[in-house]
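So you can see what is in the structure, the chains are spelled out below.
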Amino acid sequence: MNIKKIMAIMAVKTNPKDKVGKLRVTGQGNGFSLDNTPEKEVEFYSEEDFEEPKRDNFESMILELQSKNYKPEEHVEIHFLTECTK
C-alpha cells in the first residue's frame, strides 16, 4: 500500500468476553465515572493529530506500525484507511 494514500489509522480493540458489559471506573478530570465495557473500542488517528510537520510525523507512525519490530497490544488490530474513490 502506498503510504501517501493512507488518510487515517484505525485501532480496533476487542475486549475479552468476560469483560464485556461490566462496569469499570474511569477518571474524568477531578472525578470518576462508571463506564460500561463495550465489545469493541475504536480509535482513529489522522495527520491532524500530530505535531508539525504533521504529514511527516503521521507517516513516521505508519512506518513504525508496519515495522517488524512493532508488536500490537493484545486484542488490538491496526487498519490503514485510504480515501474511497468511485
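Conventions we followed
Residues numbered from 1 in each chain as written. Predicted model: local features only at pLDDT ≥ 70, side-chain atom pairs only at ≥ 80, totals over all residues. Heavy atoms only, no water. Helix = DSSP H or I, 4+ residues; strand = E, 2+ residues; numbered from the N terminus. Contact = heavy atoms within 4.5 Å. Salt bridge = Lys/Arg side-chain N within 4 Å of Asp/Glu carboxyl O. Buried < 20%, exposed > 50% of the residue type's maximum accessible area, 1.4 Å probe, protein only. Core = buried A, V, L, I, M, F, W, Y, C linked by side-chain atoms within 4.5 Å. Pairing = 2+ DSSP bridges.

Draft legend 1. Representation of the environment of Lys-22 in the model. Along the chain, the position of Lys-22 falls in the loop between strand 1 (6–14) and strand 2 (23–28). Linking Lys-22 and Thr-37, residues 15 residues apart in sequence, is a C-alpha distance of 5.6 Å. The contact partners of Lys-22, leaving out residues within four places of it in the chain, are Asp-35, Asn-36 and Thr-37.

Draft legend 2. Seen up close, the pattern of salt bridges. Scanning the model with the defined rule gives four salt bridges in all. A salt bridge links Lys-4 to Glu-59, with the shortest nitrogen-to-oxygen separation between them at 3.1 Å. Here the residue Lys-4 occupies a position in the segment before strand 1, and Glu-59 occupies one in helix 1 (residues 54–66), the gap between them amounting to 55 residues. Residue class for Lys-4 comes out exposed when judged on its relative accessible area of 55%. Residue class for Glu-59 comes out buried when judged on its relative accessible area of 11%. The salt bridge involving Lys-54 is made with Glu-48; its shortest N-O contact spans 3.7 Å. Three or more residues are tied together by salt bridges with common partners; here these are Lys-4, Glu-47, Arg-55 and Glu-59.

Draft legend 3. Structural detail: the nonpolar core. Counting residues in hydrophobic clusters, the biggest one holds seven residues: Ile-3, Ile-6, Ile-9, Phe-50, Phe-58, Ile-62 and Leu-65. Those elements giving two or more residues to this core turn out to be strand 1 and helix 1. A per-element tally of this core places helix 1 first, with three residues. In this structure, Leu-65 is in contact with Ile-9, Tyr-70, Ile-78 and Phe-80, ignoring residues within four places of it in sequence.

Draft legend 4. The pairing of strand 1, seen in detail. As defined by bridge partners, strand 1 adjoins strand 5 (residues 76–82) across seven bridges and the pair is classed as antiparallel. By the bridge assignment, Ala-8 is partnered in strand 5 with Leu-81.

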